[in-house]
Amino acid sequence: MKTYFLPLGLLLSLAVSLIAPQPGLFFQEMGLIPWCVVIIFFVNGYQTTLKELPSGTPFVYSLLVTAIICLVVSPLLGLMTASALQLSVGLTLGLLVQSAVPSTLSTCIVMTKLAGGRGSWALMLTVIINILGVFSIPFMLDLTASENIDFVIDPLSLLQKLVLLVLCPLILGYLAKQLHWLSPQHPFLTYLPSTMVIIAVWLSLSASAEILYTITITALGKIALAALMVHFGLMLIAICAAKYLPIDAGARVAIVLTASQKTLPVAVSILASFNQNVGDAILFCVLFHFIQLFADAALLSKLKRYYQL
């Protein structure tokens, strides 16, 4: 049930926003999306466990390589992909935002374990890269989006919003865990972040329902192709880079998945902060999430065999 909860919820949110956008538009105008994002990262912080963490020079090198691929190389690859496919402004914005965001906190760790990799490495890499991403995203988007499409981004303003919406709740959630209100594995907390993602996507899509009706089959094909090009491009870069690191195969799996997977909640929070109708950009991010999820699920056994785990 947990595996299919988010994908099915996202499909439902898309359908409802197209059929009856008025309720979602009403709640979106009440300013509920930022609160959804705050809850997501508060719970993520509450569920973060920093026991038996990796350390030493090999991990530091691995973190540096993974962060560069995920936060620096990825936005540039997204820009080149958008240019090559000649995407519209809205879809380009979605691709640039999705390319700039850090690794997904939960899926990356689960898939690393399923592929026989080091879950502790995936956990620490994603936590640190998500923190670093708060500071890198505004300036990478300023470099890629503001300079190449007709969409002005104020990096300092976006940085302030990301600190308030992502970093502060993450830290507060981790500190709140010391109060032992609930077990981090409580069913309520297990499903709450995914529920907030679904609600945030529903509200965002509802506010841009008219734009969604104009999406063509050709545009959907370009979205799928762009997502595959960026995701597998990052994965290949990470596989090549990991070969030269003094680490074992399990750690290499963690690097490959952490460097190539992208988080949806941060992307949604960024797009929602622009206070504009960005439905096609939101749609791109949602479809990107689906594509990387199913692509990696199909690749896990092959990745496990490649690294002989």
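(A) Representation of the layout of surface pockets in the model. Reported here for the second largest pocket is a volume of approximately 310 Å³. Lining the second largest pocket we find 21 residues, and of these Q28, I33, A272, S273 and N275 sit closest to its centre. Taken together, the elements giving at least two residues each to the lining of the second largest pocket come down to α2 (21-29), α3 (33-47), α8 (155-176), α9 (187-207) and α13 (264-272). In terms of residue class, the lining of the second largest pocket is made up of eleven nonpolar, nine polar and one charged.

(B) Representation of a nonpolar patch on the surface. A cluster of nonpolar side chains, namely F26, F27, M30, L32 and W35, defines an oily patch on the protein surface of about 530 Å² accessible area. Topologically, M30 is positioned in the loop between α2 and α3.

(C) Representation of the packing of aromatic side chains within the structure. Counted according to the given criterion, the structure contains seven aromatic pairs. Taking the centre distance of 5.3 Å and the plane angle of 75° together, the rings of F26 and F27 count as edge-to-face. Look at Y306 and Y307: their rings are 4.9 Å apart centre to centre, the planes differ by 85°, and that puts the pair in the edge-to-face class. Among the residues examined, Y306 registers a relative accessible area of 47% and is labelled partly exposed.

(D) Summary view of helix α4 (residues 57-85). Here α4 is 29 residues long and its end C-alpha atoms lie 40 Å apart, about the 42 Å a rise of 1.5 Å per residue gives. When the local axis directions of α4 are compared, the greatest deviation, roughly 40°, occurs at V73, which is followed within four positions by the proline P75. Positive phi appears at Q86, one or two residues downstream of α4, with a value of about 55°.

(E) Spotlight on the packing of helix α11 (residues 217-242) against helix α12 (residues 249-260). It is the contact of α11 with α12, at a shortest axis distance of 8 Å, that shows an interaxial angle of 150°. Relative to α12, α11 is oriented roughly antiparallel. Taken as a pair, α11 and α12 cross one another with a handedness that is right-handed. Judged by residue contacts, H231, L234, M235, A238, I239 and A242 of α11 engage R252, I255, V256, L257, A259 and S260 from α12. Within the contact of α11 with α12, the residues separate by chemical class into nine nonpolar, two polar and one charged.

(F) Main features of the nonpolar core. Formed by 73 residues in total, the largest nonpolar core has its most connected members in L10, L93, L141, V201, I270 and L271. Sort the elements by how many residues they give to this core and helix α7 (residues 119-148) lands first, with eleven residues. Excluding residues that lie within four positions of it along the chain, L10 makes contacts with V197, I198, V201, L264, V286, H289 and F290. Within the second largest apolar cluster, 30 residues are counted, among which are C108, M111, A115 and V253.

(G) Seen up close, the pattern of salt bridges. Under the counting rule described, the total for this entry stands at one salt bridge. With a shortest N-O distance of 2.5 Å, D248 and R118 are connected by a salt bridge. Placement of D248 in the loop between α11 and α12 and of R118 in the loop between α6 (107-114) and α7 is noted, with a sequence separation of 130 residues between them. Judged by relative accessible area, D248 falls into the partly exposed class, the value being 33%. What makes R118 partly exposed here is its relative accessible area of 36%.

(H) Region of the structure containing unusual backbone geometry. With a phi angle near 55°, Q86 is a residue other than glycine that sits in the positive phi range. Tracing the sequence through the fold places Q86 in the loop between α4 and α5 (89-100).

(I) Expanded view of the environment of A15. Tracing the backbone through its elements, the reader meets A15 in helix α1 (residues 2-19). A relative accessible area of 31% places A15 in the partly exposed class.

(J) Representation of the packing of α9 against α13 within the structure. With their axes 10 Å apart at the nearest point, α9 and α13 run at an angle of 35° to one another. Where α9 crosses over α13, the two elements pack in a sense that is left-handed. Taken together, the residues of α13 that come into contact with α9 (itself represented by V197, A200, V201 and S204) are L264, P265 and V268. Taken together, the residues of the contact of α9 with α13 break down into six nonpolar, one polar and no charged.

Rules used in this analysis
Residues numbered from 1 in each chain as written. Predicted model: local features only at pLDDT ≥ 70, side-chain atom pairs only at ≥ 80, totals over all residues. Heavy atoms only, no water. 1 Å grid on protein atoms, 1.4 Å probe; cavity = no way out; pocket = protein on both sides within 12 Å on 5 of 7 lines; lining within 4 Å. Points joined across faces, edges and corners; volume = space filled by probe spheres on them. Helix = DSSP H or I, 4+ residues; strand = E, 2+ residues; numbered from the N terminus. Nonpolar A, V, L, I, M, F, W, Y, C, P; charged D, E, K, R; others polar. Patch = residues over 30% accessible without salt bridge, like charges linked within 9 Å, V, L, I, M, F, W, Y side chains within 5 Å. Areas by Shrake-Rupley, 256 points an atom, 1.4 Å probe, with all protein chains shown as cover. Salt bridge = Lys/Arg side-chain N within 4 Å of Asp/Glu carboxyl O. Phe/Tyr/Trp six-rings, centres within 6.5 Å; stacked < 30°, edge-to-face > 60°. Buried < 20%, exposed > 50% of the residue type's maximum accessible area, 1.4 Å probe, protein only. Expected span 1.5 Å × (residues − 1). Bend = angle between axes of the 7 residues up to and from the residue. Axes fitted to C-alpha atoms, helices over the stretch in contact; angles between N-to-C directions. Parallel < 35°, antiparallel > 145°, perpendicular 65-115°, else oblique. Left-handed = near helix turned anticlockwise from the far one by under 90°. Contact = heavy atoms within 4.5 Å. Core = buried A, V, L, I, M, F, W, Y, C linked by side-chain atoms within 4.5 Å.

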